[in-house]
Each structure stands twice: as C-alpha cells, then as structure tokens.
Amino acid sequence: MPAESSKLLDGKRLALQIQEELTTQIQTLQAEIGRPPGLAVLMVGDNPASAAYVRNKERACERVGIASFGHHFPTEVTFDEVKQTIHNLNANPEVDGILVQLPLPPHLDATALLYEIDPDKDVDGLHPLNLGRLVRGEPGLRSCTPAGVMRLLAAYDVELQGKHAVVIGRSILVGKPVSLMLLAANATVTMAHSRTPDLAAVTRTADILVTAVGQPGLITAEMVKPGAVVIDVGINRKEVEGKACLVGDVDFASVQPHSSLITPVPGGVGPMTVSLLLGNTVWSYKQRRKASYNS
Ligand code: GUN
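Here we summarise the structure given alongside this text. (Residues numbered from 1 in each chain as written. Predicted model: local features only at pLDDT ≥ 70, side-chain atom pairs only at ≥ 80, totals over all residues. Heavy atoms only, no water.)

Counting secondary structure elements, the protein contains 10 helices and 12 strands. Computed over C-alpha atoms, the radius of gyration of the protein comes to 20 Å, within 12% of the 19 Å expected from 2.2 N^0.38 for 295 residues, which places it in the range of a compact globule. For the protein, the spread of C-alpha atoms along the three principal axes comes to 55 × 40 × 35 Å. When the 295 residues of the protein are sorted by exposure, 47% land in the buried category. A separation threshold of at least 6 residues defines the contact pool for the protein, and within that pool the share at least 24 residues apart is 72%. About 14100 Å² of surface is accessible on the protein, with carbon and sulfur atoms providing 54% of the total. (Helix = DSSP H or I, 4+ residues; strand = E, 2+ residues; numbered from the N terminus. Rg over C-alpha atoms; globule rule 2.2 N^0.38 Å. Buried < 20%, exposed > 50% of the residue type's maximum accessible area, 1.4 Å probe, protein only. Contact = heavy atoms within 4.5 Å. Areas by Shrake-Rupley, 256 points an atom, 1.4 Å probe, with all protein chains shown as cover.)

Glancing now at the side chain of Gln-101. Within the secondary structure layout, Gln-101 lies in the loop between strand S5 (97–100) and helix H4 (110–116). Residues within four places of Gln-101 in sequence aside, it is in contact with Leu-42, Met-43, Ser-50, Tyr-53, Val-54 and Lys-57.

As a further point, take the site of the ligand. In the vicinity of the ligand, the residues found are Leu-99, Val-100, Gln-101, Leu-102, Asp-124 and Leu-173. Between the ligand and Val-100 there is a distance of 2.7 Å, counted from a nitrogen atom to a backbone nitrogen or oxygen. Take Asp-124: an N or O atom from its side chain is 2.4 Å from a nitrogen atom of the ligand. Within the complex, the protein chains bury 80% of what would otherwise be the 280 Å² of accessible surface of the ligand. The residue inventory of the shell around the ligand, partitioned by class, reads four nonpolar, one polar and one charged. (Near = heavy atom within 4 Å. Polar contact = N/O pair within 3.5 Å; in protein donor to acceptor, adjacent residues only side chain to side chain. Nonpolar A, V, L, I, M, F, W, Y, C, P; charged D, E, K, R; others polar.)

With an omega of 5°, the peptide bond between Leu-102 and Pro-103 qualifies as cis. Among the secondary structure elements, Pro-103 is positioned in the loop between S5 and H4. With a phi angle near 55°, Asp-157 is a residue other than glycine that sits in the positive phi range. Secondary-structure assignment places Asp-157 in the loop between helix H6 (144–155) and strand S6 (164–168). Of note in the backbone geometry, Glu-241 takes a positive phi value of approximately 50° without being a glycine. For Glu-241, the position within the fold is in the loop between strand S10 (236–240) and strand S11 (243–247). In this structure Glu-241 comes out as exposed when scored by relative accessible area, which is 81%.

Honestly, that's just the spatial picture; any functional story needs more than this.
In structure tokens form, the structure reads like this:
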C-alpha cells in the first residue's frame, strides 16, 4: 500500500464534533428538565498525569454545559471517607455520573470502591454490573476508551463484520471491553497479551489491529498486514531531544505506510475518551428523566 493512501483516523476532530452535538442536546434538554447534567470526578492524591486528565475532563464538562461535582482528596484519605462521598453522590439527584480516577494509592482498594458507585451513574462503565451487561450484549453504560475506539471506527465506515480483529492487551479498562465490543460487531476477535508467543505472527493476520499495552514502539511495520486498520490506544510519555512528548505503542513512522487507516498519538483515541465520558453522562441524564416520568 503506497504511503499516500494511508489516512489518519482523526479523533481530535471527531471528539470536538461530538462535543458540539452534546452542547446542543444539553441546551434543549436542560430547558425541559430544569437542570444541567452533573458529573462528579473523584481524584485522590497528586499524580500529575491523573491531575492533567481530571482537569481535561472538567474543562470539557464546562464547554458542553455539564455541571461538575468533583472532589479532590489528599493521598491519606481513608476508604470510608471516599465511600461516604460516593454514597452522597449516589443520592444526589443533580449528579448523573460518578467517576473515580485511577490509579488510586495502594491503601485504597479500587475494585471495592467501584462496587459502591450506583451502576446507573457509573459513567466509566467499570462496575461489574455494567461489565456484565456488556458481556450479555444488554444496553448499559460502556467504558469510554473502548466505546471511543468503536465510535472512531464507525465514523470512518470501517467494516467489522467477518474481519479479523487482534487486540493486544487484556486490561479491564481497554483490552477486555474493546474485544467484547468488536465481537458484538461480528468481528472474529483474537486477544493477545504479554504471554502470547510470536506476537508478530498473530498481529500480521489482523485486518484491524488494536494495541493497548503502554509500550512505545512495540508495533513495527513487519508486524502489520498491508492495508490493515491500526488503532493505537497506548499513551506513553517519552523524552525526545530533551522535550517531553506523548507516543503510542505503534512505531507510527514505519507503520503508517503499511496501514489503510491509523490513529495518531496524540490526537487519535485519547480525545475520544473524554467525549464519550460526556456522552455517557448525558445518556445517564436522559435515562434518569425517563425513570422520573415512569414513577
Ligand atoms: N485512568 C486512566 N484511564 C482511566 C479511565 O478510563 N477511567 C478512570 N476512572 N481512570 C483512568
């Protein structure tokens, strides 16, 4: 495949377009419901990467008209204090979405805290009930990054039915849910991971290759089938010529000429995550309105 036929999957542009659509929707719904949608992002400690993600989410909320109910706890906060805050937010009728920014400090059990979130406000889609709904193919809140990958593929009309999708990485945040979503779209899915022997032999069979590992330069040109669609979910901080920058798991310069479509890093999957989070919050807001009509 010649270099010039390889196109970028522009997540930045699509994410902004989704935010514009949400802004209009919120303006209409707010007039009817009498309040804006509300999102609570809970953060513990001062991990700089997490702080940047949280700021990003709160700014995006402000842009589209979602009210923020965030809490920023000191590192030494106890499990019970965070749990009590989650319970208060579960009971707050102005809050439609609750998200606990991960990772948490080691003394806090993240899985146990996720169980405390009302599944109908779990805009991260990480509560076991929502993961169960995904496994069963039932409607429900879906994790934002995997949903962002699917939205990007749909926006560029990538055919999934009958195609071979290879997902590298088996995390609960990305690898497992995106595999289930691709399966639901009738792709044949292979899940590869750190113990997969001869990874290149597997990736070379992929029509759609999704990598969510966190290892810069893992995927090189020889590992990609000519004409494949390549989705890079990795976000790695790296110093290049003394300057901090973000790179994915894919060696972009060598892989781009082999692929038909490829996500850049930054500007690919990353911006989609925030827009899908806002979308989930609005979905939950609308569900809550339906529930109040029916009660
Ligand atoms: N940290 C990195 N990615 C995510 C995410 O998608 N959700 C949460 N809650 N924390 C994260």
